[in-house]
Amino acid sequence: MLPVPPLSDLVDTGAIARDIEDDRPRLECGVFGIYGMDDASAVTVLGLHALQHRGQEACGVASCDGRRFYIEREHGLVGDVFTGSDLTQKLQGHSAIGHTRYSTAGGAFIRNVQPMFADLDQGGIAIAHNGNLTNFMNVRTKLVAAGSIFQSTSDSEVILHLVARSRELRIIDRFMEALRHLEGGFALVALTRKMLIGARDPLGIRPLVIGKLNSSYVLASETCALDMIGATFVRDVEHGEVVQIDENGLKSYKPFDTRAARPCLFEYVYFARPDSVVNGKSIYEVRKAMGRQLAIEHGADADVVVPVPDSGVPASLGFAEQSGLPFELGIIRNHYVGRTFIQPTQHIRDLGVRKKHSPNRVVLEGKRVILIDDSIVRGTTSVKIVRMVREAGAKEVHLRSASPPIMWPDFYGIDMPDREKLLAANHTLEEMRQILECDSLGFLSVDGLYKAMGHNRRDPETPQFTDHYFTGDYPTPLTDREQALEEPTSTGHLSLLASSN
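Owing to the predicted nature of the structure, the values given are computational and were not obtained by experimental measurement.

Conventions we followed
- Here the residue index of a chain counts from 1 through its sequence in written order.
- Restriction of local features to residues with pLDDT of at least 70 applies here, the model being predicted, together with a cutoff of 80 or more for giving and counting side-chain atom pairs; totals for whole chains, interfaces and linings are based on all residues.
- With hydrogens and water set aside, each side-chain value is computed from the structure's full complement of heavy atoms.
- Only buried residues count toward a nonpolar core. Its members are Ala, Val, Leu, Ile, Met, Phe, Trp, Tyr and Cys residues joined through side-chain atoms within 4.5 Å.
- Buried, partly exposed and exposed residues are distinguished by accessible area as a fraction of the type maximum, computed with a 1.4 Å probe on protein chains only: under 20%, between the cut-offs, and over 50%, respectively.
- To qualify as a helix, a DSSP run of H or I must reach at least 4 residues; to qualify as a strand, a run of E must reach at least 2; elements of each kind are numbered from the N terminus.
- We call two residues in contact whenever any of their non-hydrogen atoms come within 4.5 Å of each other.
- Paired strands, in this sense, are two strands between which DSSP finds at least two bridges.
- Axis geometry follows a simple rule: fit a line to the C-alpha atoms, using only the stretch in contact for helices, then measure angles between N-to-C directions, giving values from 0 to 180 degrees.
- When an angle is under 35 degrees it counts as roughly parallel; over 145 it counts as roughly antiparallel; between 65 and 115 it counts as roughly perpendicular; any other value is oblique.
- In a left-handed crossing the near helix is turned counterclockwise from the far helix by less than a right angle, and in a right-handed crossing that turn is clockwise.

Peer 1: What exactly am I supposed to notice about the nonpolar core here?
Peer 2: Counting 44 residues, the largest nonpolar core has L265, F266, Y268, M290, I406 and Y469 as its most contacted members. Elements supplying a minimum of two residues to this core: α8 (266–271), α9 (283–297), α10 (313–323), β19 (368–373), α17 (446–452) and α18 (468–471). Looking at this core element by element, the count peaks at 6 residues for α9. The residues touching Y268, leaving out its near neighbours within four places in the chain, are P263, V278, N279, K281, I283, V286, R287, M290, M453 and F465. The next biggest cluster of nonpolar side chains, apart from the first, holds 32 residues, and it includes V139, L179, L188 and Y253.

Peer 1: Sorry, what's going on with the sheet that holds strand β6 (residues 123–133) here?
Peer 2: Strand pairs in the sheet, formed through backbone hydrogen bonds, run parallel or antiparallel to each other. If you trace the 6 strands from one edge of the open sheet to the other, you get β5-β6-β7-β8-β12-β13, paired in antiparallel fashion. Of all strands in the sheet, those bounded by a partner on one side alone are β5 (116–120) and β13 (249–253). The mean angle between the axes of side-by-side strands here comes to 20 degrees, regardless of whether they run parallel or antiparallel. Bridge analysis of strand β8 (residues 196–200) against strand β12 (residues 242–246) gives 4 bridges, and the strand direction is antiparallel. Bridging from a neighbouring strand, A199 pairs with V242 of β12. Taken strand by strand, helix α5 (residues 156–165) contacts β5, β6 and β7 (184–192), and its axis lies near 15 degrees from that of β5.

Peer 1: Can you walk me through the sheet that holds β19 in this structure?
Peer 2: Strand order across the open sheet formed by 4 strands is β16-β19-β20-β21, with parallel pairing between neighbours. Either end of the sheet is taken by a strand with one partner, and the two such strands are β16 (304–307) and β21 (440–443). Direction aside, neighbouring strands of the sheet carry axes that sit 25 degrees apart on average. Pairing between β19 and strand β20 (residues 396–401): 6 bridges, direction parallel. Note that in β20 the partner of D373 across the bridge is S401. Together, β20 and β21 form the strand contacts of helix α16 (residues 429–436), whose direction differs from that of β21 by roughly 125 degrees.

Peer 1: Explanation requested: the packing of α9 against α10 in the structure shown.
Peer 2: The description of two packed helices rests on the angle between their axes and on the distance between the axes. Look at α9 against α10: their axes get within 6 Å of each other, and the N-to-C directions meet at 45 degrees. As the angle between them shows, α9 and α10 are arranged oblique. Where α9 crosses over α10, the two elements pack in a sense that is right-handed. Packed against α9, whose contacting residues are Y284, R287, K288, G291, R292, L294, A295 and I296, the element α10 presents P314, A315, L317, G318, F319, E321, Q322 and S323 at the interface.

What follows is the structure, encoded as structure tokens:
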């Protein structure tokens, strides 16, 4: 499979260096919005702290006082970017939206950091977007041909241009008309001088929830952000729903044709925080159920169940409960590593896993260990952890994945490698076991994952969730990818501008 051509040849020295040895699925983005509260920007920053796990490259906040907009966007973590006691003076207003980002489309350039802002004939609008548009290049090329001028290589800017070009009279109608041109998975928050808008894609692939803080409405990617600011959960934004929040309260619109919801399974497997509730399901309880089902499908004669921290912990608890084996913290995670950059030698790279994970020898030595991870992507991190556990004295290492084998890449907001780089897509189970150097290897089945989600099995005719990374069943058209396969040398209208910021 050929990858989608790069969106830009733009060179940005502010881009984030990546560790090529890091095997974790890259998170998408987190969005937050609040309307009608003093110090809205400070509340938004607190909400972004709770959503930091959804993206660690960059963050931004846009606020409005009813007349003017204020915006701050930078590379870095929320706690590093938004510091000082003058935050509410720099970002004034009673309404604000925020974004924390990992770049899954467009590149890690400062001009792609959100929220993005545009001045329209009806006033300014700021927008923050979680997810990916699978027809971004197609729509962008048409807009450029019609005279639009782009300042970034982010798919989020397409939405601003579509809103600007709409001939509808009301801004909410312009917004909904723009959404009808989009394909893919998205959750959006937008801010105008008079309202906060939230939207979710027709299948509900990406999550968005509504909360209430006193008399103010809140929008957030996850309920953990509501907990952070002391807001109460009201409900999920429904799939295909647009909500308008203003001085008159909340109003709901359904601009899309009715379709069954298909939320992203990887939110439950890995992305969402364990204390969040997504589409009515506790992430913590679902992950424990995955572990219990994994023990039923792939038990082993062993002495101890050990999680790969932190995301493997709930599944390990479920596995231990089901199997009757003790749960132990055989690997200790260092939470103060910061970014890991490319190291100069292979030997140093091989040791790099110990910056994040350290073996607890007293738990591992002489034991037959069942090692539980949430997923296995390329296997580069997994093999290092298996070796580390063996070097700590483990007699046997039985590796288990609390998700099915990852066979296909994602195009809806997860930065997952091309298919030729996915371990399970290119090797048999026995070949993977040998590559990962474990005594046995087991993956949760697709139907087992659906059982953990409360269903008897996956319905192949109308799947209950978005699960293409396991099944190859993509729930929406992949217009950009299909065009790239047809014309692999075409790059469309791309920026050639080199910039230091």
